[in-house]
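# Inside the fold
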Amino acid sequence: MNLEILPVSDLKPAIEDENNLAFGKSFTDRMFVMEFDRAKGWHSARIQPYAPFTLDPAAMVLHYSQEIFEGLKAFRREDGSIALFRPADNVARFNQSARRMCMPEVDEKFFLDSMLELIRMEERWVPKAEGTSLYIRPTMIATEPMLGVRPADQYLCYVILCPVGAYYKGGIAPVKIWISDHFVRAAEGGTGEAKTGGNYAASLYAAREASLKGYDQVLWLDAKEKKYVEEVGSMNMLFHYDDKIVTSPLKGTVLDGITRRSALKLLSEMGYQIEERALTVDEVMEGAQNGRLKEAFGTGTAVVISPVGSFCYQDECVQLGNGEPGELTMKLYNQLTAIQYGRQPDPHNWITTL
Ligand SMILES: *Cc1c(COP(=O)(O)O)cnc(C)c1O
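Cut-offs used in this document
Residues numbered from 1 in each chain as written. Predicted model: local features only at pLDDT ≥ 70, side-chain atom pairs only at ≥ 80, totals over all residues. Heavy atoms only, no water. Disulfide = S-S within 2.5 Å. Buried < 20%, exposed > 50% of the residue type's maximum accessible area, 1.4 Å probe, protein only. Domains from an automatic or database assignment. Contact = heavy atoms within 4.5 Å. Buried area = accessible area lost by both parts, 1.4 Å probe. Salt bridge = Lys/Arg side-chain N within 4 Å of Asp/Glu carboxyl O. UniProt positions renumbered as here; feature names shortened; annotations may be inferred. Helix = DSSP H or I, 4+ residues; strand = E, 2+ residues; numbered from the N terminus. Phe/Tyr/Trp six-rings, centres within 6.5 Å; stacked < 30°, edge-to-face > 60°. Core = buried A, V, L, I, M, F, W, Y, C linked by side-chain atoms within 4.5 Å. Pairing = 2+ DSSP bridges. 1 Å grid on protein atoms, 1.4 Å probe; cavity = no way out; pocket = protein on both sides within 12 Å on 5 of 7 lines; lining within 4 Å. Points joined across faces, edges and corners; volume = space filled by probe spheres on them. Nonpolar A, V, L, I, M, F, W, Y, C, P; charged D, E, K, R; others polar.

This paragraph deals with the state of the cysteines. Within this structure, the stated rule accounts for one disulfide. C312 shares a disulfide with C317; S-S distance 2.0 Å. Handedness of the C312-C317 disulfide follows from its S-S torsion of about 115°: it is right-handed. The thiol of C102 is not disulfide-bonded; the next cysteine sulfur, from C157, is found 17 Å away. Accessibility expressed as a relative area gives 45% for C102, which makes it partly exposed.

Here the domain parsing of the protein chain yields domain 1 (4-164) and domain 2 (175-341). Each of domain 1 and domain 2 has a C-alpha centre, and the two are 27 Å apart. Residue-level contacts link 26 residues of domain 1 with 20 residues of domain 2. Between domain 1 and domain 2, the buried area comes to about 2000 Å², and carbon and sulfur atoms account for 56% of it. At the junction of domain 1 with domain 2, the criterion picks out one salt bridge. Residue R261 is joined to D89 by a salt bridge in which the shortest nitrogen-to-oxygen separation is 2.6 Å.

Attention now goes to the UniProt feature "modified residue: N6-(pyridoxal phosphate)lysine" (unreviewed entry) in the protein chain. In the numbering used here, UniProt assigns the feature "modified residue: N6-(pyridoxal phosphate)lysine" (unreviewed entry) to K195. If you trace the backbone, K195 turns up in the loop between β9 (175-179) and α4 (197-201). Residues within four places of K195 in sequence aside, it is in contact with E67, I68, F69, E70, G71, R93, S97, Y200 and L255.

On to the packing of aromatic side chains, then. By the definition in use, this model includes 14 aromatic pairs. Aromatic ring contacts, followed pair by pair, group F32, F94, F110 and F111 into a single cluster.

Counting residues in hydrophobic clusters, the biggest one holds 47 residues, and the most contacted among them are F239 and F311. Split by domain, this core shows at least three residues from each of two domains, domain 1 (4-164) and domain 2 (175-341). Of all hydrophobic cores here, the second largest spans 45 residues; its members include A74, L84, M115 and I136.

A few words now on the pairing of strand β17 (residues 316-319). Sheet topology places strand β16 (residues 304-313) next to β17; four bridges connect them, and they run antiparallel. Bridge pairing links F311 to V318 in β17. Connecting the antiparallel pair β16 and β17 is a turn made up of two residues, with Q314 showing a positive phi of about 50°.

Within the structure shown, the criterion is met by one cavity of 30 Å³ or more. Every residue along the wall of the largest cavity is listed here: G71, L72, K73, F75, F85, N90, I258, T259, G300, T301, V304 and Q340. Top element by residues in the lining of the largest cavity is strand β5 (residues 72-76). It accounts for three residues. Its residues assigned to classes, the lining of the largest cavity shows five nonpolar, six polar and one charged. Counting residues domain by domain, the lining of the largest cavity receives three or more from each of domain 1 (4-164) and domain 2 (175-341).

Shown next as structure tokens:
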């Protein structure tokens, strides 16, 4: 397929204050778009001015949520070059989500090359300040106008970019986690392992409840027994017991996080034994009380690593550590970000530079 480059006339003013970029609120001058219909397949791939779409009010995505997305980042390095972290993994996961949602797959090489071309053209939007990055949001929606429940015959796939500030403004800080014993995010056989909008819409109610009670995030339990910890918001959870790292297995209800994958690799290289197994909420609460659970942290592209300061479950709250991020959490955070920003070698070939 051919990638058409359309002219952009009005360029937005440059970023004023790189240290005060709100997450996901301002976007760059251009976006990548391509269209799909059953007869032609993917077509009309282009880089065009960032602009609203015209959608039929009956577009199927608006009624039945046939939608998928991805999230990754481009980092500005000290030598001025731009690096992406494991972007081919995101494109592969985009196609996995597409299959689960009965949406057409994209040509992974073409899609990745187009994304890299877009970032090259939008180079001036990759911020330079410590901890900042350009967040990349590939998305696919069902556009066919039809009120009927079946996979659509028309789709739009696009990539938008937004410069984002350092996630932790005042330094990396532990979060307060509420473990929900009532609401669930994903059930076995459901869509938990797909990055699809409906999962997030379904999570809002519990997240708001947690927020009103003063918590930062919800930790979801399994839907069947409400006994095993799964994941948090848009983060996988890793638990550090003695010399082991325990994390929920990927069995359909948990998203296969690329940060999780990378963290497990680095932790196993540091000598930790990795256990991907069902972990009960009781093990977490008791472990925090008796000190065997040393640290717990979330992993995800937006935060990289997010340390947990406390877990609250039913009427009980337990603290982890002394209010500061744990030693291993910081070591892992520093190691991952050093690879991303090019301050350390990249022995695993995770980095794609422009
Ligand atoms: C995106 C996401 C993650 C983290 O995945 P990364 O590839 O590490 O960014 C974890 N859980 C959910 C539900 C997510 O949507």
